[in-house]
Amino acid sequence: MRVLMVAPPGAGKGTQGAVIATHFGIPHIATGDLLRDHVARRTALGRAVQAHLDKGELVPDEIVLDMVQEALTAVAATGGGYVLDGVPRNMAQARATYQIGLELGMTADVALHLKADDRELKRRLLARAALEGRSDDTEEAIEHRLRLYHELTHPIVAWYGERGILVTVDAMRPADQVGREILAALEVMSSFVDHVPEQSRRAVDLTGLGAAFGEMTTDPSR
Ligand code: AMP
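Going by an unreviewed UniProt entry, the chain carries the name Adenylate kinase and comes from Asanoa ferruginea. The Subunit (unreviewed entry) field of the UniProt record for the chain holds the comment "Monomer."

Written out as structure tokens, the structure reads:
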């Protein structure tokens, strides 16, 4: 199973990425974690990107794409499944990631979109700030990261919809419920991807499922 995740900050990419990786026994490649690790080890790359991370800015595409190239090349040698978390963040990264996948014969089977509204995301990120003290979980950096998500990252979702690999999940609910729904959807997709060519697939939107089964939504506007 080859999955990439498109989600705003605070939607649970890291948590759900780890759930997927454990379930399918595949590596979890999180660009944010790789970058924070460089910052913590004070490598040359870490020193170059620290200010971007602290302010909630995207680091230059070339840096992230080199990481993706390196990580996917390593994965190609060990079975080829992966969960990419944190990349792509803009259209140029989406196209480049697709190209890297094509060259290695391992483009993503599923683009998993976690959907949540900004008020809930801000609440979660500020709660996380108190626990983890991430340098980019300040109110100002959070606002900026959300703005960048809407401007640059979210538009990619439609592109994956057109490619027929999009699965959208409502991430407003507790993490264990979201995780169960993701795994159920991916299990269905994993048998499907081997038999149905990409151009014959349709985007899957699971965000109405909870309501359809009488579940209360935490979004007061719905
Ligand atoms: P994350 O852990 O995914 O929230 O990422 C934390 C920070 O790492 C982001 O705010 C960016 O500064 C940087 N970052 C992670 N992934 C990317 C990416 N694909 N492109 C640019 N910057 C990234």
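Let's pick the thread back up.
> How do you make sense of unusual backbone geometry when you look at a structure like this?
Where the residue is not glycine, phi is negative for most of them; where a peptide bond is considered, it is trans in most cases. Backbone torsion omega between V87 and P88 reads 5°, so that peptide bond is classified as cis. Positionally, P88 belongs in the loop between β3 (82–85) and α5 (91–104). Despite not being glycine, R42 has its phi angle at roughly 55°, a positive value. Looking at where R42 falls in the secondary structure, it is placed in the loop between α2 (31–41) and α3 (44–55).

> Where do I start with the packing of aromatic side chains in this structure?
Working definition: an aromatic ring pair is given by the centre-to-centre distance plus the angle between the planes. Tallied over the entire structure, the rule returns two aromatic pairs. Ring geometry for Y98 versus W159: centroids 6.1 Å apart, planes at 90°, classification edge-to-face. Of the two residues, Y98 sits in helix α5 while W159 sits in helix α8 (residues 155–163), which places them 61 residues apart along the sequence. Relative accessible area serves as the criterion here: at 26%, Y98 is assigned to the partly exposed category. Classification of W159 as buried rests on a relative accessible area of 15%. When the centroid spacing of 5.2 Å and the interplanar angle of 65° are considered together, the rings of W159 and Y160 count as edge-to-face. Per residue, the accessibility class of W159 equals that of Y160, and both read buried. These aromatic residues form a ring-pair network of at least three members: Y98, W159 and Y160. The ring of W159 carries R163 above its face, with NZ or CZ at 5.2 Å from the centroid.

> How do you make sense of the sheet that holds strand β2 (residues 28–30) when you look at a structure like this?
The six strands are arranged β2-β3-β1-β4-β5-β6 in an open sheet whose pairing can be described as parallel. In this open sheet, the two strands that pair with only one neighbour each are β2 and β6 (204–205). Across the sheet, α2 is in contact with β2 and β3; its angle to β2 comes to roughly 60°.

> When you look at α8 in this model, what are you seeing that I'm missing?
Within an α-helix, residues lying three or four positions from one another point in the same direction, as the helix has 3.6 residues per turn. For α8, the set of buried residues is I156, V157, W159, Y160 and R163. Axial view of α8: buried residues confined to an arc of 160°, hence all on one face. Looking at the buried side of α8, the elements it contacts are β1 (2–6), α5, β4 (110–115), α7 (139–153) and β5 (166–170). Positive phi shows up at G164, right after α8, with a value of about 80°.

> What is the right way to read the site of the ligand from this model?
The immediate surroundings of the ligand are formed by 16 residues, with K13, T31, E57, G86 and Q93 found nearest. Here an oxygen atom of the ligand sits 2.8 Å away from a polar atom, N or O, in the side chain of K13. Contacts to the ligand include R36, whose side-chain N or O atom sits 3.0 Å from an oxygen atom. Residue contributions to the shell around the ligand peak at four residues, all from α2. Residues that form the shell around the ligand fall into these classes: six nonpolar, four polar and six charged.

> Looking at this structure, I do not really get the UniProt feature "binding site: ATP" (unreviewed entry) in the chain. What am I missing?
Here, UniProt's "binding site: ATP" (unreviewed entry) annotation points to G10, A11, G12, K13, G14, T15, R128 and R173. With respect to the secondary-structure elements, G10 resides in the loop between β1 and α1 (13–24). The contact partners of G10, leaving out residues within four places of it in the chain, are L121, R124 and L125. Locating A11 in the fold gives a position in the loop between β1 and α1. Residue class for A11 comes out buried when judged on its relative accessible area of 4%. Those residues in contact with A11, other than ones at most four positions away along the chain, are L114, L121, R124 and A171.

The rules behind these values
Each chain carries its own residue numbering, running from 1 in the written order of its sequence. pLDDT decides what is reported in this predicted model: residues at 70 or higher carry local features, side-chain atom pairs at 80 or more are listed and counted, and totals for whole chains, interfaces and linings draw on all residues regardless. As a rule here, side-chain values cover all heavy atoms of the structure and leave hydrogens and water aside. UniProt positions are given in the numbering used here, feature names are shortened, and annotations may be inferred rather than shown by experiment. For helices the rule is a DSSP run of H or I covering at least 4 residues; for strands it is a run of E covering at least 2, with both sets numbered from the N terminus onward. For this analysis, a ring pair means two rings from Phe, Tyr or Trp (six-membered ring only for Trp) whose centres lie within 6.5 Å, classed as stacked if their planes differ by under 30 degrees, edge-to-face if by over 60, and tilted for the remaining angles. Think of it in three bands: residues with accessible area under 20% of the maximum for their type are buried, residues over 50% are exposed, and the middle band is partly exposed, with areas taken using a 1.4 Å probe on protein chains only. By definition here, charges over rings are those cases where NZ of Lys or CZ of Arg is within 6 Å of the ring centre and within 35 degrees of the ring normal. A pair of strands is treated as paired once DSSP finds two or more bridges between them. Contact criterion: two residues are considered in contact whenever any of their non-hydrogen atoms come within 4.5 Å of each other. Here an axis means a line fitted to C-alpha atoms, over the contact stretch when the element is a helix, while the angle between two N-to-C directions is reported on a 0 to 180 degree scale. By arc we mean the arc of the directions from the helix axis to the C-beta atoms, nothing more. For each residue, the test is whether any non-hydrogen atom lies within 4 Å of the molecule or strand; if one does, the residue is near. Nitrogen and oxygen atoms within 3.5 Å of one another constitute a polar contact, given that in protein one can donate a hydrogen and the other can accept it, and given that sequence-neighbouring residues count only through two side-chain atoms. We call Asp, Glu, Lys and Arg charged. Ala, Val, Leu, Ile, Met, Phe, Trp, Tyr, Cys and Pro are nonpolar, and the rest, Gly among them, are polar.

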